[in-house]
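# Structure assessment
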Amino acid sequence: MTGSASRPVVEDTIRGLRARLDEARAGGQRVGLVPTMGFLHAGHRSLIERARSENDLVVASIFVNPLQFSPGEDFDDYPRDLDHDLAVCAWAGAGIVFAPGRHEMYPGPVVTTVRLGTLADVLCGASRPGHFDGVATVVAKLFSIVGECSAYFGEKDFQQLTIVRRMARDLSLPVRVVGCPTVREPDGLALSSRNAYLSEAERVQAPVLRRALEAGAALVEAGETDGAAVEARMAAVIGSASLARIDYAAAVDPATLTRGQQPLQGDVRLLVAARFGKARLIDNLGCRAG
Ligand code: PAF
């Protein structure tokens, strides 16, 4: 682990955070932001470490954002452990943890939100309507609160990363959005706070998502240019796991997240999502066709 392990300052007000960051920037410090919903794991740690390596001061935000959960999703059960999170932030080198309460972020009924276009309707957006509008709204608020900075997001949530990048560009926000590689367990399972929901049997089968992506990428790299054939191959691999309920297996253009060019050409992003009991897991992989 890197970092000095000195305890970060915990801020729970927007005003207090802004005052600290204004002072830091006035002293010439570059600010890095790592937005999270807490229950931090090694994937978050790598984001904070990357932010620390490129900036003088890192803010990690911890806020379980109610706007991005639909009724019936796991907002109430979402795992939370602030003491553990503060220890991870300390080790990884965050100088400030921004941990606002719900009222600080949403003091009244939310009227103004970010409405996204087509990027939000496909893939995870198709089965989680409104989810990405909720993500974009809270991220826009965080960007507005923190101001000029570089912000670090994991590639594991590839659709989220694409949307946030696009939003920052469309709204001219003073934020450089940085995508960082997915951190995995030794058996290939992408780290996610929701892995905590997996039973022992589900945990054994969950790496099938990574195997499906590898099988899809191998097909593309062997010359397959029919997107439907690649998707069918990935779906078949996921289907071989008895506890997996597939949501989607897709081969898309990484910029538009749609099937776009047929036959497949150039950069292709393969994305999969499946449920294992209560856990809805996602993963993705880039490859090149043609
Ligand atoms: O990826 C997450 O943890 C969340 O979607 C984010 C970006 C912190 C917004 O709540």
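Here the structure is a predicted model, which is why all the values come from computation and not from measurement.

A few words now on the overall build of the protein chain. Across its full length, the protein chain carries 10 helices and 9 strands. Seen through its principal axes, the protein chain has C-alpha atoms that stretch 55 × 40 × 40 Å. Buried residues in the protein chain amount to 52% of all 290 residues. When contacts within the protein chain are restricted to residue pairs at least 6 apart in sequence, long-range pairs at least 24 apart make up 73% of them.

Okay, the confidence of the model for the protein chain next. When pLDDT is averaged along the protein chain, the result is 96, and 98% of the positions lie at 70 or above. Summarising per-element confidence for the protein chain, the mean pLDDT is lowest in helix α5 (residues 124–127) (96) and highest in strand β2 (residues 31–36) (99).

Another aspect to go through is empty space enclosed by the protein. Scanning all chains against the criterion turns up 1 cavity of 30 Å³ or more. Approximately 70 Å³ is the volume found for the largest cavity. Lys 156, Gly 188, Leu 189, Ala 190, Ser 192, Asn 195, Leu 209, Arg 210, Leu 281, Ile 282 and Asp 283 are the residues that line the largest cavity. Going through the elements one at a time, α9 (208–221) and β9 (279–289) are the ones with two or more residues in the lining of the largest cavity. Of the residues forming the lining of the largest cavity, the biggest block, 3 residues, is contributed by β9.

One can describe the packing of α9 onto helix α10 (residues 227–239) by two numbers: an axis separation of 8 Å at closest approach and a directional angle of 150°. Considered as vectors, α9 and α10 are oriented roughly antiparallel to each other. Classified by chirality, the crossing of α10 by α9 is right-handed. Residues Val 208, Leu 209, Arg 211, Ala 212, Leu 213, Ala 215, Gly 216, Leu 219 and Val 220 of α9 touch α10, and the partners they reach there are Ala 229, Val 230, Arg 233, Met 234, Val 237 and Ile 238. For the contact of α9 with α10, the class distribution of residues is 12 nonpolar, 1 polar and 2 charged.

Here we take up the site of the ligand. What surrounds the ligand is the set Pro 35, Thr 36, Met 37, Asn 65, Gln 68, Val 138, Phe 153 and Gln 160. One of the side-chain N or O atoms of Gln 68 is found 2.6 Å from an oxygen atom in the ligand. Here Gln 160 contributes a side-chain N or O atom positioned 2.7 Å from an oxygen atom of the ligand. Protein contacts shield 88% of the accessible area of the ligand, which totals 290 Å² for the unbound molecule. Here the residues of the shell around the ligand sort into 4 nonpolar, 4 polar and no charged.

Turning our eyes to something else, we now look at the sheet that holds β9. A sheet is described by the order of its strands in space; here 3 strands give the open sequence β7-β8-β9, paired in antiparallel fashion. Each edge of the open sheet is held by one strand with a lone partner, namely β7 (244–252) and β9. Averaged over all neighbouring strand pairs, the angle between strand axes comes to 15°, with direction disregarded. Direction of pairing for β7 relative to strand β8 (residues 266–276): antiparallel, over a ladder of 8 bridges. Note on β8: the bridge partner recorded for Ile 246 is Ala 274. Its contacts with the sheet put α10 on β7 and β8, and the angle it makes with β7 is roughly 155°.

We now examine the sheet that holds strand β1 (residues 9–11). Paired through their backbone hydrogen bonds, the strands of a sheet run either parallel or antiparallel. The 6 strands lie next to each other as β1-β4-β3-β2-β5-β6, forming an open sheet whose pairing is parallel. One side of each edge strand has no neighbouring strand; the edge strands of this open sheet are β1 and β6 (175–180). In this sheet, adjacent strand axes meet at a mean angle of 25° when their direction is disregarded. Note: β2 against strand β3 (residues 57–62), 6 bridges, orientation parallel. By the bridge assignment, Val 34 is partnered in β3 with Ala 60. This element, helix α1 (residues 14–26), spans β1, β2, β3 and β4 (96–98) of the sheet and lies at about 150° to β4.

Now for the packing of aromatic side chains. A complete count under the given rule lists 4 aromatic pairs for this structure. For the ring pair Phe 69 and Tyr 78, a centre distance of 5.9 Å and an interplane angle of 75° mean the geometry is edge-to-face. Looking at Phe 69, the relative accessible area reads 10%, which means it is buried. Centroid distance Phe 143 to Phe 153: 6.3 Å. Interplanar angle 75°. Geometry classified as edge-to-face. Of the two residues, Phe 143 sits in helix α6 (residues 131–146) while Phe 153 sits in strand β5 (residues 149–154), which places them 10 residues apart along the sequence. For the pair Phe 143 and Phe 153, one class covers both residues: buried. Members of the aromatic cluster, connected to one another through ring pairs, are Phe 69, Phe 75 and Tyr 78. A cation sits over an aromatic face here: Lys 278 above Tyr 197, 4.1 Å from the ring centre.

What counts, and at which threshold
Residues numbered from 1 in each chain as written. Predicted model: local features only at pLDDT ≥ 70, side-chain atom pairs only at ≥ 80, totals over all residues. Heavy atoms only, no water. Helix = DSSP H or I, 4+ residues; strand = E, 2+ residues; numbered from the N terminus. Buried < 20%, exposed > 50% of the residue type's maximum accessible area, 1.4 Å probe, protein only. Contact = heavy atoms within 4.5 Å. pLDDT = per-residue confidence, 0-100. 1 Å grid on protein atoms, 1.4 Å probe; cavity = no way out; pocket = protein on both sides within 12 Å on 5 of 7 lines; lining within 4 Å. Points joined across faces, edges and corners; volume = space filled by probe spheres on them. Axes fitted to C-alpha atoms, helices over the stretch in contact; angles between N-to-C directions. Parallel < 35°, antiparallel > 145°, perpendicular 65-115°, else oblique. Left-handed = near helix turned anticlockwise from the far one by under 90°. Nonpolar A, V, L, I, M, F, W, Y, C, P; charged D, E, K, R; others polar. Near = heavy atom within 4 Å. Polar contact = N/O pair within 3.5 Å; in protein donor to acceptor, adjacent residues only side chain to side chain. Areas by Shrake-Rupley, 256 points an atom, 1.4 Å probe, with all protein chains shown as cover. Pairing = 2+ DSSP bridges. Phe/Tyr/Trp six-rings, centres within 6.5 Å; stacked < 30°, edge-to-face > 60°. Lys NZ or Arg CZ within 6 Å of the ring centre and 35° of its normal.

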